[in-house]
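# A look at the structure
Here's the letter readout for the chains.
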Amino acid sequence: MKNKSWPSQKFKGSWMWVIGLALLAGCWGADVAKAATAREIDVSVDVALENFEKDVAGSKPFLAGAKGLLVFPKVIKAGVGFGGEYGEGALRIGGKTVDYYNTMAASFGLQFGAQAKTIVIVFLNEDALKGFRSSDGWKVGVDGSVAVITIGAGTSLDSSKVNEPIVGFVLDQKGLMYNLTLEGAKFSKMKK
């Protein structure tokens, strides 16, 4: 009979969880470990919207017609087998920040590593915006749906063809990302 070492007897499958948590914590980094100030979030939202308008043709007039914009400049997703994502952002109405939010989501499945993305949620309908603002933690797919918009290379955003009350865009450092969903993401108001 083979003698098992103490760690393998004591913890069995727990090592995978420990490694996953360590990677998740390490990928998050010190900049995410501390909550951003209101000023830091506002500056990051300004930069994210400038990049969005630069990367997505036709987005400036589209955003100008929105009832509200929920912008998360940096959402970090990390995982090994199981994962999570977190980011902080601001809700803007009429170009001014009215509230601060965080987003969180968890996932399980084949995944390894970390990535950063920007999320822009556009409220095109006043009732949808009111419903979002009155909720205590709004979850995509439960409290409302967000139509994630993808635009092919060389095309521009045509607001006349968008007829959903809430639409979302997900971007990475290279621009608009495709085949993504926001299903399961939860947005909660923060005090800043």
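Residues numbered from 1 in each chain as written. Predicted model: local features only at pLDDT ≥ 70, side-chain atom pairs only at ≥ 80, totals over all residues. Heavy atoms only, no water.

### Considering the overall build of the protein
For the protein, the helix and strand inventory stands at five helices and seven strands. Traced from its N-terminal end to its C-terminal end, the protein shows the element sequence α-α-α-α-β-β-α-β-β-β-β-β. The buried share of the protein, reckoned over its 192 residues, is 39%. Sequence separation of 24 or more characterises 71% of the internal contacts of the protein that already satisfy a separation of 6 or more. With the model as given, the accessible surface of the protein reaches about 11200 Å², and the carbon-plus-sulfur share is 55%. (Helix = DSSP H or I, 4+ residues; strand = E, 2+ residues; numbered from the N terminus. Buried < 20%, exposed > 50% of the residue type's maximum accessible area, 1.4 Å probe, protein only. Contact = heavy atoms within 4.5 Å. Areas by Shrake-Rupley, 256 points an atom, 1.4 Å probe, with all protein chains shown as cover.)

### A look at helix H5 (residues 126–134)
In an α-helix, one full turn covers 3.6 residues, which means residues spaced three or four apart are oriented alike. Among all positions of H5, only Ala128, Leu129 and Phe132 are buried. With its buried residues spanning 100 degrees around the axis, H5 presents them on a single face. In H5, the exposed positions angled more than 90 degrees off the buried face are occupied by Asp127, Lys130 and Ser134. You can read the cap of H5 off the contacts: a side-chain oxygen lies 2.7 Å from the backbone nitrogen of aspartate 127, and it is on asparagine 125. (Arc of directions from axis to C-beta. Polar contact = N/O pair within 3.5 Å; in protein donor to acceptor, adjacent residues only side chain to side chain.)

### Here we look at the nonpolar core
By size, the foremost hydrophobic cluster in this structure holds 24 residues, and its most contacted members are Phe62, Val122 and Phe169. Secondary structure elements with two or more residues in this core: helix H3 (38–55), helix H4 (59–64), strand S1 (68–93), strand S2 (96–123) and strand S5 (166–172). In terms of residue count, the dominant contributor to this core is H3 (five residues). By size, the runner-up hydrophobic cluster in this structure holds 19 residues, among which are Val75, Leu129, Leu182 and Ala185. (Core = buried A, V, L, I, M, F, W, Y, C linked by side-chain atoms within 4.5 Å.)

### So, the packing of aromatic side chains
Going through the model one piece at a time under the given rule, you end up with eight aromatic pairs. Geometrically, the ring pair formed by phenylalanine 132 and tryptophan 138 is edge-to-face, given 5.4 Å between the ring centres and 75 degrees between the ring planes. Assigned by exposure class, phenylalanine 132 and tryptophan 138 land together as buried. (Phe/Tyr/Trp six-rings, centres within 6.5 Å; stacked < 30°, edge-to-face > 60°.)

### Considerations on the confidence of the model for the protein
Per-residue confidence for the protein averages 77 on the pLDDT scale, and 68% of its residues sit at or above 70. Predicted confidence for residues 6–19 stays below pLDDT 50, and this span has seven contacts to residues more than four positions away or in other chains. Scored below 50 in pLDDT, residues 21–33 shows 15 contacts in the model against residues more than four places distant or in partner chains. (pLDDT = per-residue confidence, 0-100.)

### Considering the pattern of salt bridges
For the structure on display, the rule yields five salt bridges. Between arginine 92 and aspartate 42 there is a salt bridge whose closest N-O contact spans 3.9 Å. In this pair, arginine 92 sits in strand S1 while aspartate 42 sits in helix H3, placing the two residues 50 residues apart along the sequence. Across the salt bridge formed by aspartate 99 and lysine 189, the nearest N and O atoms sit 3.8 Å from each other. Of the two residues, aspartate 99 sits in strand S2 while lysine 189 sits in strand S7 (residues 186–190), which places them 90 residues apart along the sequence. Its relative accessible area of 14% is what places aspartate 99 among the buried residues. Classification of lysine 189 as partly exposed rests on a relative accessible area of 46%. Bridged by salt links that share partners, the residues Asp42, Asp46 and Arg92 form one connected network. (Salt bridge = Lys/Arg side-chain N within 4 Å of Asp/Glu carboxyl O.)

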